[in-house]
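Understanding the architecture of this molecule
Take a look at the letters that make up each chain.
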Amino acid sequence: MQYIRIDPGRGAHSNVRGTSPRRKRLRRTLKWASIVVVALLAAAQLRDIVDPEPGVGHWRSPEAQQAYMTAYNEVLTTVKAPDSTRDVRTRFGTVRVTSWHGTEPGAPVVLLPGHSSGAPMWAENLPSWIGKRTVHALDPIGDAGLSVQSLPLRSVDDQAEWIAQTLHGLGVEKAHVVGHSFGAATAAQFAVLHPELVQSLTLLEPVLVIKQLSASTILWSVALTVPAPQSWQDHALAHIGGTTVDEVRERTPLSRLINSASVGYSTAMPTPKTLSDEAWRLLSMPVRVDLGEASSLSGGAQAADRVQPLLSHGTVRIWPGGTHSLPMDEHATLGPELLEFWRQNS
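Overview of the packing of helix 3 (residues 156-170) against helix 4 (residues 182-193)
Two elements in contact, helix 3 and helix 4, have axes whose closest approach is 9 Å; the angle formed by their N-to-C orientations is 85 degrees. On the basis of their axis angle, the class for helix 3 and helix 4 is roughly perpendicular. Packed against helix 3, whose contacting residues are Val 156, Asp 157, Gln 159, Ala 160, Ile 163, Ala 164 and Leu 167, the element helix 4 presents Phe 182, Thr 186, Gln 189, Phe 190 and Leu 193 at the interface. Of the residues belonging to the contact of helix 3 with helix 4, the class tally is eight nonpolar, three polar and one charged.

Some points on the confidence of the model for the protein chain
With 73% of its residues at a pLDDT of at least 70, the protein chain reaches an overall mean of 82. Of the regions scoring below 50 in pLDDT, residues 7-28 engages in 33 contacts with residues more than four places distant in sequence or in other chains. Across residues 239-243 the pLDDT falls below 50, and counting only partners more than four positions away or on other chains, this stretch makes 14 contacts in the model.

Looking at the packing of aromatic side chains
Two numbers describe a pair of aromatic rings. These are the distance of the centres and the angle of the planes. Under the counting rule described, the total for this entry stands at four aromatic pairs. Between Trp 59 and Tyr 265, the aromatic rings sit 4.9 Å apart at their centres with planes inclined by 80 degrees, giving edge-to-face as the arrangement. Highlighted residues: Trp 59 in strand 2 (residues 58-59) and Tyr 265 in strand 10 (residues 265-266), separated in sequence by 206 residues. Per residue, the accessibility class of Trp 59 equals that of Tyr 265, and both read buried. Pairing Tyr 68 with Tyr 72 gives two aromatic rings, centres 5.6 Å apart and planes at 55 degrees, and the pair type is tilted.

Regarding the side chain of Thr 90
For Thr 90, the location among the structural elements is in strand 3 (residues 84-90). Relative accessible area serves as the criterion here: at 9%, Thr 90 is assigned to the buried category. Of the polar contacts made by the side chain of Thr 90, one reaches the backbone oxygen of Gly 93; its length is 2.7 Å. Setting aside residues up to four positions removed in sequence, Thr 90 forms contacts with Val 95, Ile 141, Trp 162, Gln 165 and Thr 166.

Examining the packing of helix 2 (residues 62-76) against helix 8 (residues 253-264)
Axes are the key here: two packed helices are described by the angle between their axes and the distance separating the axes. Interaxial distance between helix 2 and helix 8 falls to 8 Å at its minimum, and their mutual angle equals 155 degrees. Between helix 2 and helix 8, the crossing angle belongs to the class labelled roughly antiparallel. Of the two possible hands of crossing, helix 2 and helix 8 adopt the one that is left-handed. Taking contact as the criterion, the partners of Ala 64, Ala 67, Tyr 68, Ala 71, Tyr 72, Glu 74 and Val 75 in helix 2 are, on helix 8, Pro 253, Leu 254, Arg 256, Leu 257, Ser 260, Ala 261 and Gly 264. Across the contact of helix 2 with helix 8, the residue classes tally to 10 nonpolar, two polar and two charged.

With respect to the pairing of strand 12 (residues 314-319)
Of all six residues in strand 12, five are buried, a share of seventy percent or more. Two strands pair when backbone bridges link them, and strand 11 (residues 287-292) and strand 12 are joined in this way by six bridges, in the parallel orientation. From the neighbouring strand, Gly 292 faces strand 12, where its bridge partner is Trp 319. With respect to chirality, the unit in which strand 11 leads through helix 10 (residues 300-307) into the neighbouring parallel strand 12 is right-handed.

Examining the pattern of salt bridges
Tallying each qualifying case throughout the model produces 10 salt bridges. Among the salt bridges present, the one from Glu 104 reaches Arg 133, with a minimum N-O distance of 3.5 Å. Taken as a pair, Glu 104 in the loop between strand 4 (93-100) and strand 5 (109-112) and Arg 133 in the loop between strand 5 and strand 6 (135-138) lie far apart in primary sequence, 29 residues in all. Residue classification places Arg 133 among the buried residues on the basis of a relative accessible area of 1%. Across the salt bridge formed by Asp 290 and Arg 288, the nearest N and O atoms sit 2.7 Å from each other. Both residues of the pair, Asp 290 and Arg 288, belong to the buried class. Shared partners join several salt bridges into a network, and the residues in it are Glu 104, Arg 133, Glu 340 and Arg 343.

Quick notes on the rules
- Residues numbered from 1 in each chain as written.
- Predicted model: local features only at pLDDT ≥ 70, side-chain atom pairs only at ≥ 80, totals over all residues.
- Heavy atoms only, no water.
- Axes fitted to C-alpha atoms, helices over the stretch in contact; angles between N-to-C directions.
- Helix = DSSP H or I, 4+ residues; strand = E, 2+ residues; numbered from the N terminus.
- Parallel < 35°, antiparallel > 145°, perpendicular 65-115°, else oblique.
- Contact = heavy atoms within 4.5 Å.
- Nonpolar A, V, L, I, M, F, W, Y, C, P; charged D, E, K, R; others polar.
- pLDDT = per-residue confidence, 0-100.
- Phe/Tyr/Trp six-rings, centres within 6.5 Å; stacked < 30°, edge-to-face > 60°.
- Buried < 20%, exposed > 50% of the residue type's maximum accessible area, 1.4 Å probe, protein only.
- Polar contact = N/O pair within 3.5 Å; in protein donor to acceptor, adjacent residues only side chain to side chain.
- Left-handed = near helix turned anticlockwise from the far one by under 90°.
- Pairing = 2+ DSSP bridges.
- Right-handed = clockwise from strand over helix to strand, strands pointing away.
- Salt bridge = Lys/Arg side-chain N within 4 Å of Asp/Glu carboxyl O.

Right, dumping it as structure tokens:
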């Protein structure tokens, strides 16, 4: 096995894994967010079985949308104001694109966020990239964010198509595509279907496309798919995540953002499918896959063992102590590394 193990506790960024109160709060928040994400994904798999007919994503109430917007704006105020904000029209609806312009030559970066988060989930990473690479952060169609869906997404082909149409609307011929969690699964599927638009591909803890969720996780998610007291849902989330109910109930701007989306938005996106060996082999562009070892929803070392031999121009990296929330948890090391990866593959 040739994959690389990254230890962010050594070298130039040895201070990023400290034990300060802020760091502890951040790690609890990230763990909570990961629990919500895996529960939503498991619930989506159940929904596909019970009601396979796709619909259109929408907010369940104006109050839910306002709660999300408040958290969305609060998180984004922690980074430099974007240079532009656009709504790009596609066949499936309008896509909100938040952009920061950079001075470096080469393809721009396109960010696809995890489930129920939107552009603000990249707030920890953006300071490493703003002013250098041009960055476009997309709010997905069919998920919480400022994009507006008008037609159902009936397949992963449709999901890849709205991304392709967004890039065309931005005038982007090729992009360094980066995704996290659900967004990484979407990015992988997009790269298989539209390789001509992908300069490089970065998959941060991609869910489902390498390895399926466990049966127990899917069964416990039943508590989140039916009307139930909040206390029951908190206990289900704690069981799925292997944590305590107190940690589930802790809130920060980022966790409030994801919580308001998971509760208030009716998602309508295709559930990612596990890619075949042949699909992985078709990825001819430079590929980087980053997986957590301590708490991975992607499969950790088992996922690395499967996918590394299939990538002709790729590297799989295992982060000891890394969690599913790698982009935020390891931002001080990961941000500069990705910047160099893009420079080498422009």
